[in-house]
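# Notes for the structure review
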Amino acid sequence: MALLLLSAVADIANTPDLLSRGAVSASLRFAVPIVLAGLGGLWAERCGVINIGLEGMMIIGTWMGAWAGFQWSPWVGVLAAIAGGAVFGAFHALMTVSFGVDQAVSGIAINVAALGLGRFLSSIFFEGQPGGGISQSPHVGQIANVSVPGLAEVLDPIAELETPVISDLAEIAIGMTTGVSLLTLLAAVLVFLSWWVLFRTSFGLRLRACGENPAAADSLGVNPNRMRYAALTVSGALAGLGGAFLVTVASSIYREGQVAGRGFIGLATVIFGNWMPGRLTIGALLFGFTDALRTRQETTMTALLIVGAVVFAFLTVRAIRTRNRGATFAYAIAAVGLGWWFLGFGVVPSEFVGFAPHLTTLLVLSLAHQRIRPPQGIGVPYRRSEAN
Amino acid sequence: MPAPAIELRGITKRYPGVVANRDVNLRVESGTAHAVIGENGAGKSTLMNILYGMVVPDEGEILVEGATIPMSSPADAIAAGIGMVHQHFKLADNLTVLENVILGDEPTGRVGRIDFEAARARIVELGDHYRIPIEPEALVADLSVGNRQRVEIIKVLYRGARVLILDEPTSVLVPQEVDELLKNLRRLTGDGLTVIFISHKLDEVLAVADEITVMRNARTVAHTRPAEITSRELAQLMVGSELPTPEPRTVEVRPEVGLRLRSVSTRGRGHETSLSDIDLTVRSGEIVGIAGVEGNGQAELIETILGLTDPVSGQVLFGEEDVTEAATSVRRRLGLAYIPQDRHREALLLDAALWENRILGHQMHPPINRGVWIDRKAAREDTERIVADSDVRTPSIEVLASALSGGNQQKLIVGREMAGDPRVLIAAHPTRGVDVGAQAAIWTRLSAVRRAGVAVLLVSADLEELIGISDRILVILRGRLVGEFDPAAIGPEDLGAAMTGADAA
C-alpha cells in the first residue's frame with residue numbers, strides 16, 4: 001500500500017527519482033547505521049537499560065574503524081570498531097549496574113567523552129599522516145560490494161517499461177541487489193539473528209525477563225546484573241559496527257561529527273519499532289529513505305509533501321471514527337496544510353530539506369507513541385536487597 | 001514416623017540494629033498444610049526468605065527430609081525441591097504465561113533454542129494434573145490477580161517443587177478467588193506435596209491448615225492445630241496481649257450532613273464501571289460502609305467524591321456546599337481526607353522521609369504552608385506528634401517510608417489525613433494487608449474520628465470490618481446502590497449474598 005502511494009506520488013509530482021534504483025540503494029546505505037544503532041538500543045532496552053551512550057559508542061566505532069582500517073585493512077577496522085563499541089558498552093554496564101550511576105547520566109557522559117576522546121586520539125594518531133589531521137583520518141579502504149549476478153540484466157527491461165508499480169518494483173529490486181555492501185548484508189543477518197536470539201533462545205528469554213522484572217528473574221536463579229553486562233556489551237558492539245559502516249562503506253574516512261545524531265535516531269527507531277527488531281528496521285529504512293532523498297535531488301522532497309498530506313488525511317478519517325475531536329482537528333489541519341503547500345508552492349526550502357529526517361523522526365514518534373509498550377523494568381536500576 | 005519435609009533448627013538472623021529471627025524452630029510434616037502466622041515484623045517473611053535461600057541465616061540449620069541442606073541462593077532451594085509464591089508476584093507482565101513459567105529452567109534444543117512445544121505440553125499437563133488450568137499463550141498483563149497466582153503456583157510446580165511456600169497468598173485475592181485457592185491448596189497436599197503459608201487471616205488459617213506455628217518478636221512462640229484453638233486465642237498469641245475489640249457505638253449521629261451525593265451518574269471509560277443514580281448521605285459522626293465485590297463501582301465512587309472523575313449528572317455536596325465543579329485541591333481545603341487503598345501507589349513516597357510524606361496533600365494548608373514556603377520545622381514537629389499519637393513504630397521521622405512495615409505506614413497515613421480536622425473522610429480498605437495489632441489501632445482511630453464528628457465513608461472488602469464499625473452499610477452492585485443494611489442485624493453471609501445480587505433473585 002505504501003508502495004502504491006509512493007508510486008502514484010512519483011507520477012503526480014513528476015519526480016521519478018523517488019523510487020529509482022539509486023534512491024533505493026542510497027536509502028539502504030543511510031539506513032544501515034541507524035538499523036545497527038537501533039539494534040544496539042534494542043538489546044540494551046530489552047534488558048532494562050537505556051543506552052543513551054549509543055551515539056558515543058558509534059563515534060568510538062568510527063574512530064577505531066578508521067584507525068585500524070587505514071593501517072591494516074577495512075575488515076580489521078570493522079573488528080576494531082566492534083571491540084571499541086563493546087568496551088564502551090561494558091563500561092556503561094559497569095557504571096549503571098555495578099556503581100549505580102543513573103543510566104541517562106552515564107550515557108550522556110559516554111557521548112561527551114567519546115567526542116573528546118576522538119579528537120584527542122586523532123591528534124596523536126592521525127596528525128602527520130597523509131590526509132590525516134585533528135578532525136579527520138587518512139583514507140580508509142572500502143568493504144567490498146556484491147551484486148546478485150544477472151538479476152539487473154533481467155529486471156532492466158521491466159524497469160524501463162515505465163509501467164507504474166511494476167517498473168517501480170523492478171527498480172527497487174535492482175537497487176536492493178546491486179552493489180550491496182557486505183556490511184549491509186551482515187546488518188540484515190544481525191536483524192534476524194537479534195530476533196532469533198531474543199525471542200527463541202533461553203538466553204534471550206532471560207535477557208528480556210531482566211528487562212521486564214529483574215526481581216522475578218533473580219528469584220529464579222537468573223542474575224540480572226550479569227545479563228545486563230552481556231546485553232550492554234552486545235549493544236555497544238552493534239553501535240561500534242554502525243560506526244564502522246560509516247567509515248568503510250558510507251565514506252572512506254573518519255571525520256569529526258560524522259555520526260551526526262544517528263545514535264539518537266537509532267534510539268528513536270527502537271520506540272517506533274515497539275522494541276521489535278523487524279519493525280525497528282522498517283523505521284530505520286524510513287529515516288534512511290528521507291535522508292537519501294535529501295542528498296539526491298531537492299525537488300524530490302516536494303513529493304513527500306503529498307505523502308504527508310495523504311497520511312494525515314488517513315489519520316483524520318481514523319480520528320473521526322474513534323471520535324477523538326482534538327486529533328481530528330489537528331490531523332485535518334496538517335493534511336490540508338501540506339496539500340496546499342504542494343499545490344501552491346511546490347518547493348520545500350532547502351533549510352527544511354536538511355532537517356527532514358529529524359522532523360520525520362519527530363512526527364513518527366509523536367504519532368506512534370499511543371500504541372507503544374516498552375519493557376517495564378526499563379531505566380530502573382536493580383539492587384537485590386530492595387527486591388525483598 | 002517419617003522425617004519431616006522441612007525442619008528448621010535454631011535459625012538466627014541479625015540485621016544491623018535488629019534481630020529478625022532469634023532461635024527459630026519449625027517442623028513441617030510431609031503432605032500437610034502448615035500455617036505460619038504473626039504480626040508484621042514478627043519475622044515470618046525473613047524466615048521464609050531463609051528457607052528459599054534468598055537470605056542466609058547467621059546460625060542454625062535447614063533440614064530437608066532429614067538431611068542438612070546448604071542454602072545460599074534460590075537455586076539451592078529449587079534444587080532441594082522448595083518453591084516460593086511471593087506475596088508481590090514475581091512475574092514479567094509483558095511476557096506470556098509460558099515464558100514466565102519456564103524462565104530460568106527452559107527446555108532447550110540445539111544452541112540454546114527453546115523447545116516451546118515441550119514446554120507447552122508440560123505446562124498443560126501440570127495444569128490438568130493439579131486442576132489449575134492456565135492458558136500458556138496468554139500475556140500475564142491480561143490476567144486477573146487470581147490467575148497470576150495460579151501462574152506462580154504452576155511456575156513452582158514446573159520446577160518439581162515438593163514444598164511450596166506461599167507468602168500471604170490470600171491478601172490480594174477477592175473472596176471467590178480465595179475459595180478457589182484454598183481448594184487448590186488442599187488438592188496439592190492431598191497429592192503429597194507440602195504447603196507452608198503465611199497469613200494474617202485467622203479464619204482461613206483455621207479452615208485450611210493442618211498445623212499452625214505462631215511467631216512473635218522474631219521467635220516461634222507456639223505450635224498448635226486448628227482443632228485445639230480459637231481464632232481469638234490465636235490472635236492473642238500473635239500480639240502477646242489481650243486484644244481490643246471494636247468499641248460499641250455510644251455516640252449519637254448528629255443531624256447535620258457531612259457528605260451528600262444527589263443522583264450522581266458517571267460514564268465509565270474502558271474497563272470502568274459507570275455509576276448510575278447514586279444517592280448517598282453521610283452525616284457528621286457517622287460511618288457509612290460500602291460493601292461490594294471489587295470492580296462494581298467503588299473506585300469510581302471514590303474518584304467522583306475526590307473530584308478526579310466528573311459526574312455526567314448529579315451533585316456532590318460537602319455539608320450544604322456544592323462541590324460538583326470544585327477541583328480536588330479545593331475539596332481538600334474544604335476538609336476532605338482520603339485513605340487510599342494502595343498505600344504504595346497513592347499514599348506515600350516510599351523513598352522520602354516520614355516528615356516529607358507528612359507534607360503530601362497538606363502542602364497548601366497550615367501548619368505546613370507558610371505563604372509560598374513549606375515550613376519544614378512545622379512539618380517535622382507535626383510528624384513527631386503523629387508518630388507519638390498514632391503509635392507509629394519507627395526509629396525516627398527521618399527514615400524512609402519504605403523502611404516501615406505496612407501497618408505502621410498505614411498508621412502514619414491515617415494520622416496525616418486526620419491532621420487539620422477534616423469534615424469528610426474516605427477510607428478505602430484501610431486495614432488491607434496490615435497485621436491485627438495495627439488493624440485494631442486503625443479501628444480505634446476511626447471510631448475516635450467518628451466521635452469527633454467527621455462523616456466517614458468506609459469502602460472495604462472485609463465484611464467483618466464493615467459490620468464491626470459501620471453505622472449503616474450500603475451495598476454497591478454494577479454501579480448502583482442496591483441495598484441498605486443495619487450492621488447489627490446482618491451477618492457476613494447475608495451481606496455476601498446481597499453483594500453478588502443473589503438475594504434479589
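Residues numbered from 1 in each chain as written. Chains lettered and ligands numbered in written order. Predicted model: local features only at pLDDT ≥ 70, side-chain atom pairs only at ≥ 80, totals over all residues.

## Brief notes about the overall build of chain B
For clarity, the cut-off: Only runs of H or I of at least four residues qualify as helices and only runs of E of at least two qualify as strands under DSSP, and these elements are numbered from the N terminus. Using C-alpha atoms as the atom set, the radius of gyration is obtained and then compared with a globule rule of 2.2 Å times the number of residues to the power 0.38. We call two residues in contact when their backbone-placed C-beta atoms lie within 7 Å.
Within chain B, the secondary structure is distributed over 17 helices and 22 strands. Taken against the 2.2 N^0.38 rule, which gives 23 Å for 505 residues, the C-alpha radius of gyration of chain B at 24 Å falls within 12% of a compact globule. Dimensions of chain B, computed from C-alpha atoms along their principal axes, come out at roughly 70 × 50 × 50 Å. A separation threshold of at least 6 residues defines the contact pool for chain B, and within that pool the share at least 24 residues apart is 69%.

## Re the nonpolar core
The criterion, for reference: Residues enter a nonpolar core if they are buried, belong to Ala, Val, Leu, Ile, Met, Phe, Trp, Tyr or Cys, and are joined to the set through C-beta atoms within 7 Å. Put simply, a residue is buried when 20 or more other C-beta atoms lie within 10 Å of its own C-beta and exposed when 12 or fewer do; between those, it is partly exposed, and each C-beta is set from the backbone.
Counting residues in each nonpolar core, the largest one holds 161 residues, and the members touching the most others are A:L36 and B:I165. Sequence-distant contacts of A:L36, that is, excluding residues within four places in its chain, are made with A:A187, A:L238, A:A239, A:L241, A:G242 and A:F245. The next biggest cluster of nonpolar side chains, apart from the first, holds 66 residues, and it includes B:V282, B:L348, B:I386 and B:V392.

## Section: the interface of chain B and chain A
For clarity, the threshold we go by: All amino acids are sorted into three groups, where Ala, Val, Leu, Ile, Met, Phe, Trp, Tyr, Cys and Pro are nonpolar, Asp, Glu, Lys and Arg are charged, and the leftover types, Gly among them, are polar.
The interface is formed by 21 residues belonging to chain B together with 21 residues belonging to chain A. When residues of the side of chain B that touches chain A are assigned to their parent elements, the largest contribution, three residues, is made by helix α2 (residues 74-79) of chain B. Its residues assigned to classes, the side of chain B that touches chain A comprises nine nonpolar, seven polar and five charged.

## Structural notes on the domain arrangement of chain B
Note the cut-off: An automatic or database domain assignment supplies the start and end points of every domain.
Partitioning chain B into domains gives domain 1 (6-239), domain 2 (257-335 + 421-500) and domain 3 (349-408). On a C-alpha basis, the centroid separation for the pair domain 1 of chain B and domain 3 of chain B is 36 Å.

## Let's talk about the sheet that holds strand β21 (residues 472-477) of chain B
Residues and elements named next belong to chain B. Test applied: Any two strands with at least two DSSP bridges between them are considered paired. Axis definition: a line fitted to C-alpha atoms, over the contacting stretch in the case of helices. Angles run 0 to 180 degrees between N-to-C directions.
Read across the sheet, six strands follow the order β16-β19-β20-β13-β21-β22 without closing on themselves; strand pairing throughout is mixed. Since the sheet does not close on itself, it has two edges, and those belong to β16 (336-339) and β22 (480-485), each with one partner. If you compare each strand with its neighbour and ignore which way they point, the axes differ by 20 degrees on average. Running at roughly 175 degrees to β16, helix α14 (residues 406-418) makes contact with β16 and β19 (424-428) of the sheet. This element, helix α15 (residues 436-451), spans β13 (287-291), β19 and β20 (455-459) of the sheet and lies at about 150 degrees to β20.

## Digging into the packing of helix α2 (residues 21-46) of chain A against helix α8 (residues 182-200) of chain A
Residue and element names in this part refer to chain A. Here is the rule we go by: Throughout, the term roughly parallel applies to angles under 35 degrees, roughly antiparallel to angles over 145, roughly perpendicular to angles from 65 to 115, and oblique to all others. Crossing chirality is assigned from the near helix's rotation relative to the far helix, an anticlockwise turn below a right angle marking it left-handed and a clockwise turn marking it right-handed.
Between α2 and α8, the least distance of the axes is 10 Å, while the angle of their chain directions is 25 degrees. The angle between the axes of α2 and α8 places the two elements in the roughly parallel class. For the crossing formed where α2 meets α8, the hand is left-handed. Only L183, T184, A187, L190, V191, S194 and L198 of α8 make contact with α2, whose side of the interface consists of L28, V32, V35, L36, L39, L42, W43 and R46. Looking at the contact of α2 with α8 residue by residue, the classes come out as 12 nonpolar, two polar and one charged.

## Re the packing of helix α4 (residues 74-98) of chain A against helix α5 (residues 103-125) of chain A
All names here are of chain A. At a minimum axis distance of 9 Å, the contact between α4 and α5 shows a crossing angle of 145 degrees. Between α4 and α5 the crossing geometry is right-handed. Contacts from F88, H92, M95 and T96 in α4 reach Q103, S106, G107 and I110 in α5.

## Examining helix α7 (residues 166-177) of chain A
To keep it simple, the criterion reads: Each helix should span, by expectation, one fewer than its residue count multiplied by 1.5 Å.
For α7(A), spanning 12 residues, the distance from its first C-alpha to its last is 17 Å, which sits close to the expected 16 Å at 1.5 Å a residue. Those residues of α7(A) that sit buried are A:D168, A:A170, A:E171, A:I172, A:I174 and A:G175.

## Thoughts on unusual backbone geometry
Residue and element names in this part refer to chain B. A positive phi angle, near 50 degrees, is found at E65, a position not held by glycine. Note on placement: E65 falls in the loop between β4 (59-64) and β5 (67-68). At R478, a position not held by glycine, the phi torsion is positive, near 45 degrees. In this structure, R478 sits in the loop between β21 and β22.

## Here we look at the environment of A:A187
Residues and elements named next belong to chain A. Within the element layout of this structure, A187 appears in helix α8. The class of A187 is buried, set by 25 C-beta atoms lying within 10 Å. It is 6.8 Å that separates the C-alpha atoms of A187 and L36, two residues lying 151 residues apart in sequence.

## Considerations on the confidence of the model for chain B
Note the following rule: Confidence of the prediction at every residue is given by pLDDT, a number between 0 and 100.
Model confidence for chain B is summarised by a mean pLDDT of 84, while 95% of its residues fall at 70 or above. Here the predicted complex carries an ipTM of 0.78, next to a pTM of 0.72.

## Structural notes on the sheet that holds strand β3 (residues 33-38) of chain B
Residue and element names in this part refer to chain B. As summarised here, the arrangement of the six strands in space is β6-β7-β8-β3-β9-β10, forming an open sheet in which the pairing is mixed. Of all strands in the sheet, those bounded by a partner on one side alone are β6 (82-85) and β10 (219-224). Across the sheet, the mean angle separating the axes of adjacent strands is 20 degrees when strand polarity is ignored. Note: β6 against strand β7 (residues 163-167), four bridges, orientation parallel.

## Considering the environment of B:L481
Residues and elements named next belong to chain B. Along the chain, L481 turns up in strand β22. You can call L481 buried: it has 20 C-beta atoms within 10 Å. Through-space distance from the C-alpha of L481 to that of A291 is 9.6 Å; in sequence the pair is 190 residues apart. If we skip the residues at most four places from it in the chain, L481 touches I278, L280, L474, V475 and I476.

## Comments concerning the pairing of β20(B)
All names here are of chain B. Defined as follows: Crossovers are marked right-handed if the path from the first strand over the helix to the second runs clockwise, as seen with the strands pointing away from the viewer.
The element β20 is largely enclosed, with a buried count of five among its five residues. Bridge count for β13 against β20 is four bridges, and the pairing is parallel. In the strand pairing of β20, I290 is matched with V459. Sheet topology places β19 next to β20; five bridges connect them, and they run parallel. Across the sheet, residue V424 finds its bridge partner in β20, namely A455. A crossover links β19 with its parallel partner β20, the connecting element being α15, and its sense is right-handed.

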